[in-house]
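Structural overview
Okay, here's what each chain looks like letter by letter:
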Amino acid sequence: MVNEDLRRELVAMREHDMQVRDELMEAGELGGPYVPRMQEVHVKNAARLRELIAQHGWPAEDIAGKDGAEAAWIITQHSVGEPDFQRNALSLMQMAAAEGGTPAWHAAYLEDRIAMHEGRPQRFGSQWLDDPRDGRIRPWRLADPEHVNALRATVGLKPLPPIPEPGPDLPPERQEEIHQAQLWWEKWLTSKGWPTDR
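One structure accompanies this document, and this report is about it. From a predicted model like this one, the values you see are computed outputs, not experimental measurements. (Residues numbered from 1 in each chain as written. Predicted model: local features only at pLDDT ≥ 70, side-chain atom pairs only at ≥ 80, totals over all residues. Heavy atoms only, no water.)

It is worth spelling out the pattern of salt bridges at this point. A full pass over the atoms with the stated rule returns 17 salt bridges. Across the pair Glu 82 and Arg 50 runs a salt bridge whose closest N-O atoms are separated by 2.3 Å. Of the two residues, Glu 82 is situated in the loop between α3 (61-77) and α4 (83-98) and Arg 50 in helix α2 (residues 36-56); the sequence distance between them amounts to 32 residues. The salt bridge partner of Arg 174 is Glu 177, with a shortest N-O separation of 2.8 Å. Separated by 3 residues within a single helix, Arg 174 and Glu 177 lie in helix α7 (residues 172-191), roughly one turn from each other. Its relative accessible area of 35% is what places Arg 174 among the partly exposed residues. Within this structure, Glu 4, Asp 5, Arg 7, Arg 8 and Asp 67 form a network of salt bridges that share partners. (Salt bridge = Lys/Arg side-chain N within 4 Å of Asp/Glu carboxyl O. Helix = DSSP H or I, 4+ residues; strand = E, 2+ residues; numbered from the N terminus. Buried < 20%, exposed > 50% of the residue type's maximum accessible area, 1.4 Å probe, protein only.)

It is worth spelling out the packing of aromatic side chains at this point. This model, assessed by the stated rule, comprises 8 aromatic pairs. Measuring from ring centre to ring centre gives 5.8 Å for Trp 105 and Tyr 109, while their planes differ by 70°; the resulting arrangement is edge-to-face. Of this pair, Trp 105 and Tyr 109 both sit in helix α5 (residues 104-117), separated by 4 residues, roughly a single helical turn. Through successive ring pairs, a cluster of aromatic residues spans Tyr 34, Trp 184, Trp 185 and Trp 188. When the ring centre of Phe 85 is taken as reference, the NZ or CZ atom of Arg 50 above it lies at 5.4 Å. (Phe/Tyr/Trp six-rings, centres within 6.5 Å; stacked < 30°, edge-to-face > 60°. Lys NZ or Arg CZ within 6 Å of the ring centre and 35° of its normal.)

Moving on, we get to the side chain of Asn 45. Turning to its location among the elements, Asn 45 is positioned in helix α2. For Asn 45, the side chain forms a polar contact with the main-chain oxygen of Met 13, separated by 3.3 Å. Once residues within four sequence positions are removed from consideration, Asn 45 is found in contact with Met 13, Asp 17 and Ile 75. (Polar contact = N/O pair within 3.5 Å; in protein donor to acceptor, adjacent residues only side chain to side chain. Contact = heavy atoms within 4.5 Å.)

For the rest of this paragraph, the subject is the environment of Tyr 109. Given the relative accessible area of 24%, Tyr 109 is considered partly exposed. Through-space distance from the C-alpha of Tyr 109 to that of Gln 127 is 7.6 Å; in sequence the pair is 18 residues apart. Setting aside residues no more than four positions away along its own chain, Tyr 109 makes contact with Trp 73, Gln 77, Ser 126, Gln 127 and Leu 157.

What follows covers the packing of helix α1 (residues 4-26) against α3. Where α1 meets α3, the closest approach of the two axes is 8 Å, and the angle between their N-to-C directions is 40°. You can see that α1 and α3 cross each other, and the crossing is left-handed. Contacts from Leu 6, Arg 7, Leu 10, Val 11, Met 13, Arg 14 and Met 18 of α1 reach α3 at Ile 63, Ala 64, Gly 65, Asp 67, Gly 68, Ala 71, Ala 72, Ile 74 and Ile 75. Taken together, the residues that form the contact of α1 with α3 break down as 11 nonpolar, 2 polar and 3 charged. (Axes fitted to C-alpha atoms, helices over the stretch in contact; angles between N-to-C directions. Left-handed = near helix turned anticlockwise from the far one by under 90°. Nonpolar A, V, L, I, M, F, W, Y, C, P; charged D, E, K, R; others polar.)

Time to look at the side chain of Thr 102. Relative to the helices and strands, Thr 102 is located in the loop between α4 and α5. A residue is classified by how much of its surface remains accessible, and Thr 102, at 5% relative accessible area, is buried. For Thr 102, the side chain forms a polar contact with the side chain of His 106, separated by 3.2 Å. Apart from the residues within four sequence positions on either side, Thr 102 is in contact with Ala 69, Met 93, Ala 96 and Ala 97.

Here we come to α4. Taking 1.5 Å per residue as the helical rise, α4 with its 16 residues ought to reach 22 Å, and the 23 Å between its terminal C-alpha atoms agrees with that figure. Within the span of α4, buried status applies to Pro 83, Phe 85, Gln 86, Ala 89, Leu 90, Met 93 and Ala 96. An end-on view of α4 places all buried positions within 140° of arc, on one side of the element. Exposed side chains of α4 directed beyond 90 degrees from the buried face belong to Asp 84 and Ala 98. (Expected span 1.5 Å × (residues − 1). Arc of directions from axis to C-beta.)

Purely geometric stuff here, so don't read any function into it on its own.
Next comes the structure, spelled out in structure tokens:
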């Protein structure tokens, strides 16, 4: 039976996250280093989700509803400064998916994000980054490019979108901006306990 209080709280946390993100996007403040206001939301949401997991277990659809389970997944995806929490949540998510309690693609996305932050190739192709050369978004390294779509199908994902062809080079100053933002994130992720050899 769905716990409506749990579902509502998770959905409200997700909506607040998205509201702050939209406000920062509109103000042109995203796309560089972590904005403190956004980080504060992510840290607060992760802390509360840990408490809810301790009380209820992983918020799968049977207790949190479809939207509550998806909110828990999004909150976890955004907890980029907490590697131990993400790894633990991935195990819980995978168990829930094996029992049909949550979509398998939730775990696939989180697995890919953890792999990227650990400097490993991703299996499902869900994590994409801006290419500093031409500014086009492309997937983080793929573990098995030839079979990625078959693997995506096993977790309910559509085939990988077309990867953009190389475009004209960005102006050097814009290339440097993207490069510096990526260096900032690498240093920040290392400071939070992710591996240094990304």
